[in-house]
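Residues per chain are reported as follows:
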Amino acid sequence: MSKGSVVLAYSGGLDTSCILVWLKEQGYDVIAYLANIGQNEDFDAARKKAEKLGAKKVFIEDLRSEFVEEFIWPSVQANAVYEDRYLLGTSIARPCIARRQVQIAQQEGAQFVSHGATGKGNDQIRFELTCYALYPQVQIIAPWRIPEFYNRFLGRKDLMEYAEKHGIPVPVTPKAPWSMDANLMHISYESGVLENPKTHAPSDLYQMTKNPEDSPSEPDVLEIAFIKGVPVKVTHVKEGKSKDTPLEIFSYLNEIGGKHGVGRIDIVENRFIGMKSRGIYETPGGTILLHAHLDIETFTMDREVRKIKAGLGIKFSELIYNGFWYSPECEFVRHCVDKSQENVEGRVQLSVFKGQVYILGRESPKSLYNEELVSMDVQGDYDPCDASGFIKINAVRLREHNRLQGAAPKKL
């Protein structure tokens, strides 16, 4: 007798293919769910494989547009960067994937959902907190936290043997001994030979970006238009080519950034569960947008508002990384960030070249930049004597600091 239906977040890789068969062994009816969020995948082959392995139903959902509009764009508005370097490509994708998984579970009357996230990683938290937030009654089967599963499969060797025994085709070969996660936002690489943080990334690892040394000898100059902090159009200045839908804009920026080797990082980061991990990421389109958005934001946003908003961006990044997209605090921060973007409007021109993004210029109908006021040649309505007040206040502060520290007058 069936224990019930379970919606499995299925990728077609080694882990989830074995988990699909294992769940069937445990007596569950398995509904396989594969999200298309821009990864290079043969979805038809993945469907046939899941059906062959015994999935009761297979859902393949195209989530690319909603991934860009509802998850990547808010992250662009926030300048979301975790620990100063990581643009959160995997972290942002998980709530998008899990939301649809929950919708399918409710639609199909399934009381269980399952995933293949490791018990040592962040993804288990991101998947499960999303599921509980959106479907509180759901029961989650996390095989890598179930002793009967992880004691049976002590490593990839055991999984490979299980796959061979059950006729499960697997994509992992000795030529690529690392774990990879791909979507529209980025590709991440970790585990295997990369676990030694001193080991250099193999030259053939990168799939989304060219080596900057091998990139074109001429830059591509782009103009990116923003309204309320959201990209609404990208134009290739020389070619006159334009893209104006969210998916097209982001895909085109990935193409240009990848062509020039933009967005590669190799970092050690702090996982939410308490350990450090080494990750290699390539995020070409996201890196271009970070530079462009920072520029137009500074140009149009009040100074004091921007200071507060910068802190909110850091908090937002931590919430995304830690799996709290669907939490009251993250909803509040998103609302505040969205409010801050009301006047972030205009166009930024930039050059993409040899792994770098160079800002060339910007313009905005809501600019706070006053050319006449700032000019060294034109007085405008600014009285130079106004500066004396700032000088006096800070001179007193500095003299008091030196007195309290017992510092002697500095010799010049």
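Here, the structure is the one placed above.
Residues numbered from 1 in each chain as written. Predicted model: local features only at pLDDT ≥ 70, side-chain atom pairs only at ≥ 80, totals over all residues. Heavy atoms only, no water.

S.K.: Residue-level account of helix H1 (residues 14-25), with values.
M.R.: Between the first and last C-alpha of H1 there are 17 Å, a value that for twelve residues agrees with the 16 Å anticipated at 1.5 Å per step. If you check which residues of H1 are buried, you get Leu14, Asp15, Thr16, Ser17, Cys18, Ile19, Leu20, Val21, Trp22 and Leu23. Backbone geometry just after H1 places Gly27 at a positive phi near 100°. (Helix = DSSP H or I, 4+ residues; strand = E, 2+ residues; numbered from the N terminus. Expected span 1.5 Å × (residues − 1). Buried < 20%, exposed > 50% of the residue type's maximum accessible area, 1.4 Å probe, protein only.)

S.K.: Which residues make up the sheet that holds strand E6 (residues 179-182), and what values go with them?
M.R.: Here we have four strands laid out as an open sheet, ordered E6-E7-E12-E11, and antiparallel in their pairing. The open sheet has two edge strands with one neighbour each: E6 and strand E11 (264-270). Neighbour to neighbour, the strand axes of the sheet diverge by 25° on average, direction disregarded. The sheet contact formed by strand E7 (residues 187-190) and strand E12 (residues 276-282) spans three bridges and is antiparallel. When the bridges of E12 are listed, Tyr189 appears paired with Ile280. (Pairing = 2+ DSSP bridges. Axes fitted to C-alpha atoms, helices over the stretch in contact; angles between N-to-C directions.)

S.K.: Describe in detail the pattern of salt bridges, supporting the description with residues and values.
M.R.: Counted under the stated rule, the structure contains 25 salt bridges. Across the pair Glu304 and Lys307 runs a salt bridge, and its minimum N-O distance is 3.3 Å. Taken together, the positions of Glu304 and Lys307, both in helix H10 (residues 303-321) and three residues apart, correspond to about one turn of that helix. Residue Lys307 is classed as exposed on the basis of its relative accessible area of 52%. Connected via shared salt-bridge partners are Arg94, Asp123, Arg126 and Asp181. (Salt bridge = Lys/Arg side-chain N within 4 Å of Asp/Glu carboxyl O.)

S.K.: Describe the nonpolar core, and please don't skip the residues or the numbers.
M.R.: Grouped together as the largest cluster of nonpolar side chains are 72 residues, with contacts concentrated most on Phe67, Trp73, Ile224 and Leu350. Once residues lying within four places of it in the same chain are set aside, the contact partners of Leu350 are Asp220, Val221, Leu222, Ile224, Ile288, Ala292, Val357, Tyr358, Ile359 and Leu360. (Core = buried A, V, L, I, M, F, W, Y, C linked by side-chain atoms within 4.5 Å. Contact = heavy atoms within 4.5 Å.)

S.K.: Run through the sheet that holds strand E2 (residues 29-36), naming residues and quoting values.
M.R.: Whenever strands of a sheet pair, they do so through backbone hydrogen bonds, lying parallel or antiparallel. The strand order across the open sheet formed by five strands is E3-E2-E1-E4-E5, and the pairing between neighbours is parallel. Looking at the sheet topology across the chains shown, the edges are occupied by strand E3 (57-62) and strand E5 (139-141). Neighbour to neighbour, the strand axes of the sheet diverge by 25° on average, direction disregarded. As paired elements, strand E1 (residues 5-9) and strand E4 (residues 112-114) share three bridges and run parallel to each other. Within E4, the residue paired with Val7 across the bridge is Val113. This element, helix H4 (residues 89-108), spans E1, E2, E3 and E4 of the sheet and lies at about 145° to E2.

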